[in-house]
Amino acid sequence: MRLLHTSDWHLGRSFHRENLLDAQAAFVDHLIETVRAEHVDVVVVAGDLYDRALPPVDAVRLFGEALRRIHATGARAVLISGNHDSMVRLAYATELIDASGVHLRSSAERVGEPVIIDDAHGPVAFYGIPYLEPEIVRHLWRLPERSHAAALGHAMDLVRADLATRPAGTRSVVLSHAFVSGGEPSDSERDISVGGAAHVPAGVFAGVDYVALGHLHGRQGMGGTVRYSGSPLAYSFSEEHHVKGCWLVDIDAAGAVTAEFVEAPVPRPIARLRGTLDALLGEDRWETYTDHWVQVTLTDPVRPAAPMERLRARFPHALHLEFAPEGVRPDDGPRWAERVAERSEIELALDFVDWSRGSAATPEERGLLQRAFEAVRAQEAAR
Ligand SMILES: [Mn+2]
């Protein structure tokens, strides 16, 4: 059986105000061509189909078109919701859509209920585990603790319990949207930590033949046959060295897996440049970046006038500008944007408590804030 594993489409997302819908549509074209050229049996999409719970209409249209075109190739599809998606909205009419061979799995109640797809060697069971918000599934499953590890651990127990009832030799694939320990994040995933922990150990997935992961936006293997495909496009400048695409995965009669990476088209390469304005505008070595989407860090000791306008004369696709003056006396420490970058919501809130009151939050207050952030996220997930 041949799968095409992809994730994190984030349809409707923009890149520093640049609309990416055309680039996302080009990825869908590429996906369909790959399914046909490589005779893919099942397209597997591991969550974050949309960028937000209420996606813009153009994104909804593109998603509908992608499903229709996958169906038209004759391939089947199994998709799950991610932390950016609305579980409830994506669960709409799934039982009807199932009849077409396109299987959206977007509810915790159905994780132990596989989609069975046969090939010449027998059945393959596909279990779709959507992103599980710990606060929600803790009540549903009466879990002893509110954590990603407990949530996914229980979901995988349900998967293994179902698999044990299947005929001997049934092969298995799990789709999951989670942050597996040891994975390398980028700047474009949304924080999902609960009580400080976002990670689950890879060992939670023991007992299945292939695990198709989503959530982290860089492709990576997590050991064995547990893999992230990464997003099909770069969604932050931190991804400038990523290679984007999908895994083409073959599962043989015995359940042994081989995988090969299929690169996706790059709408426009991205790069981070650093130097003085004169150097960036004058030196030949920057010529290769004139067609890139660029983020520029200017190192001029004194901020030049109209820097973006002047940069765009050479780099028409400059999108983001930062300043890091060199050779000047440090003033009040790093700039605001630098201080908040890469800090989580909870850390920012704790900074605010400290700043406004003059003393740091107590462990109890910290817990209270953490629970407030998680409650908001749980509410969002149920929308
Ligand atoms: Mn994502």
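What counts and how
Within each chain, residue numbers correspond to sequence positions counted from 1 in written order. For this predicted model, a pLDDT threshold of at least 70 governs which residues receive local features, and a threshold of 80 or more governs which side-chain atom pairs are given and counted, while totals over whole chains, interfaces and linings are taken from all residues. A helix here means a DSSP run of H or I that spans at least four residues, while a strand means a run of E at least two residues long, and both kinds are numbered starting from the N terminus. Think of it as a crowd count around each C-beta: if 20 or more other C-beta atoms lie within 10 Å the residue is buried, if 12 or fewer it is exposed, and in between it is partly exposed, with C-beta placed from the backbone throughout. For the purpose of contact definition, each residue receives a C-beta atom placed from its backbone, and two residues are in contact when these atoms lie within 7 Å. UniProt positions are given in the numbering used here, feature names are shortened, and annotations may be inferred rather than shown by experiment. Multiplying 1.5 Å by the helix residue count minus one yields the expected span of that helix. The directions from the helix axis to the C-beta atoms are what the arc is built from. Should DSSP find at least two bridges between two strands, the strands are taken to pair. Axis definition: a line fit to C-alpha positions, over the contact stretch in the case of helices; interaxial angles, taken between N-to-C directions, run 0 to 180 degrees. The handedness of a crossover follows from its direction of travel: if, with the strands pointing away from the viewer, the path from the first strand over the helix to the second runs clockwise, the crossover is right-handed. Comment on the angle field: the value is read as roughly parallel under 35 degrees, roughly antiparallel over 145, roughly perpendicular from 65 to 115, and oblique elsewhere. Here a crossing is taken to be left-handed if its near helix is turned anticlockwise relative to the far helix by less than a right angle, and right-handed if that turn runs clockwise. Note that Gly is not counted as nonpolar here; it falls among the polar residues with everything else outside the nonpolar set of Ala, Val, Leu, Ile, Met, Phe, Trp, Tyr, Cys and Pro and the charged set of Asp, Glu, Lys and Arg. Residue ranges for the domains originate in an automatic or database domain assignment. Any nonpolar core is a set of buried residues, restricted to Ala, Val, Leu, Ile, Met, Phe, Trp, Tyr and Cys, that join up through C-beta atoms within 7 Å.

Got a minute to help me understand the environment of Ala 46 in this structure?
Tracing the sequence through the fold places Ala 46 in strand 4 (residues 42–46). A residue is classified by how many C-beta atoms lie within 10 Å of it, and Ala 46, with 31 of them, is buried. In this structure Ala 46 touches Ser 7, Ile 80, Leu 175, Ser 176, His 177, Ala 212, Leu 213, Gly 214 and Ser 229, once residues within four positions along its chain are discounted.

Help me understand unusual backbone geometry, please; the structure alone is not making it clear to me.
Most peptide bonds adopt trans geometry, and most residues besides glycine take a negative phi value. If you check the backbone angles, His 39 has positive phi at about 55° while not being a glycine. With respect to the helices and strands, the residue His 39 is situated in the loop between helix 1 (21–37) and strand 4. Its 10 C-beta neighbours within 10 Å are what place His 39 among the exposed residues. A positive phi is found at His 215, a non-glycine position, where the angle reads about 125°. We classify His 215 as buried; it has 27 C-beta atoms within 10 Å.

What should I look at first to understand the UniProt feature "domain: Calcineurin-like phosphoesterase" (unreviewed entry) in the protein chain in this one?
When the UniProt feature table is mapped onto this chain, "domain: Calcineurin-like phosphoesterase" (unreviewed entry) is found at residues 1–218. Here residues 1–218 runs as 31% helix and 24% strand, with 25 Å between its end C-alpha atoms.

Sorry, what's going on with helix 2 (residues 57–73) here?
An α-helix turns once every 3.6 residues. As a result, residues three or four positions apart point the same way. Compared with an ideal rise of 1.5 Å per residue, which puts 17 residues at 24 Å, helix 2 spans 25 Å between its outermost C-alpha atoms and is within 8% of the ideal. Where helix 2 is concerned, the buried positions are Ala 59, Leu 62, Phe 63, Ala 66, Leu 67 and Ile 70. One face of helix 2 carries all of its buried residues, which in axial projection span an arc of 135°. Turned more than 90 degrees away from the buried face of helix 2, the exposed residues are Val 57, Gly 64, Arg 68 and Ala 72. Looking at the buried residues of helix 2, the elements they touch are helix 1, strand 4, strand 5 (76–80) and strand 6 (102–105).

When you look at the sheet that holds strand 5 in this model, what are you seeing that I'm missing?
Sheet strands pair via backbone hydrogen bonds, and the direction of the pair is either parallel or antiparallel. A sheet is described by the order of its strands in space; here six strands give the open sequence 6-5-4-1-15-16, paired in mixed fashion. Pairing within the sheet leaves two strands with one partner each, and these edge strands are strand 6 and strand 16 (257–263). The average angle at which neighbouring strand axes cross in this sheet is 20°, direction not considered. Relative to strand 6, strand 5 runs parallel, the two sharing four bridges. Pairing of Val 78 across the sheet is with His 103, part of strand 6. Seen against the sheet, helix 1 touches strand 1 (2–6), strand 4, strand 15 (245–251) and strand 16 and runs at an angle of roughly 165° to strand 1. Across the sheet, helix 2 lies against strand 4, strand 5 and strand 6, angled at about 140° from strand 6, the strand it touches most.

Honestly, the pairing of strand 18 (residues 293–298) in this entry has me stumped. Any pointers?
If a strand is regular, its side chains alternate between the two faces of the sheet. Counting buried residues in strand 18 gives five out of six residues, a clear majority hidden from the surface. Direction of pairing for strand 18 relative to strand 19 (residues 318–323): parallel, over a ladder of five bridges. Bridging across to strand 19, Val 294 finds its partner in Ala 318. Each parallel crossover has a hand, and the one from strand 18 via helix 8 (residues 307–314) to strand 19 is right-handed.

So what exactly am I meant to see when it comes to the packing of helix 10 (residues 345–357) against helix 11 (residues 363–381) here?
When two helices pack together, their arrangement is given by the angle between their axes and by how far apart the axes lie. Relative to each other, helix 10 and helix 11 sit at 135°, their axes nearing to 10 Å. Classed by the angle they form, the pair helix 10 and helix 11 counts as oblique. By crossing handedness, the relation of helix 10 to helix 11 is classed as right-handed. Seen from helix 10, the contacting residues are Glu 345, Ile 346, Ala 349, Leu 350 and Val 353; seen from helix 11, they are Glu 365, Arg 366, Leu 369, Gln 370 and Phe 373. For the contact of helix 10 with helix 11, the residue count by class is six nonpolar, one polar and three charged.

When you look at the environment of Leu 3 in this model, what are you seeing that I'm missing?
Note that Leu 3 resides in strand 1. Separated by 248 residues in sequence, Leu 3 and Ile 251 have C-alpha atoms that sit 8.1 Å apart. Look past the residues within four positions of Leu 3 in its chain and what remains in contact with it is Val 40, Asp 41, Val 42, Val 44, Val 173 and Val 249.

Just checking my understanding: could you explain the domain arrangement of the protein chain for this structure?
Size of an interface, as often reported, equals the accessible area lost when the parts are brought together. Assigned domains of the protein chain: these are domain 1 (2–263) and domain 2 (270–328). For domain 1 and domain 2, the distance between their C-alpha centres works out to 38 Å. Between domain 1 and domain 2, the residue contacts involve six residues of the former and seven residues of the latter. Looking at the side of domain 1 that touches domain 2 residue by residue, the class counts come to three nonpolar, one polar and two charged.

Where do I start with the nonpolar core in this structure?
Where a protein is soluble and globular, its nonpolar side chains tend to be buried together. Ranked by internal contacts, the top residues of the largest apolar core, which has 86 residues, are Val 42, Val 43, Val 44 and Ala 77. The element best represented in this core is helix 2, accounting for six residues. Counting residues domain by domain, this core receives three or more from each of domain 1 (2–263) and domain 2 (270–328). When near neighbours in sequence (up to four residues on either side) are disregarded, Val 43 contacts Leu 4, Val 35, Ile 70, Ala 75 and Ala 77.

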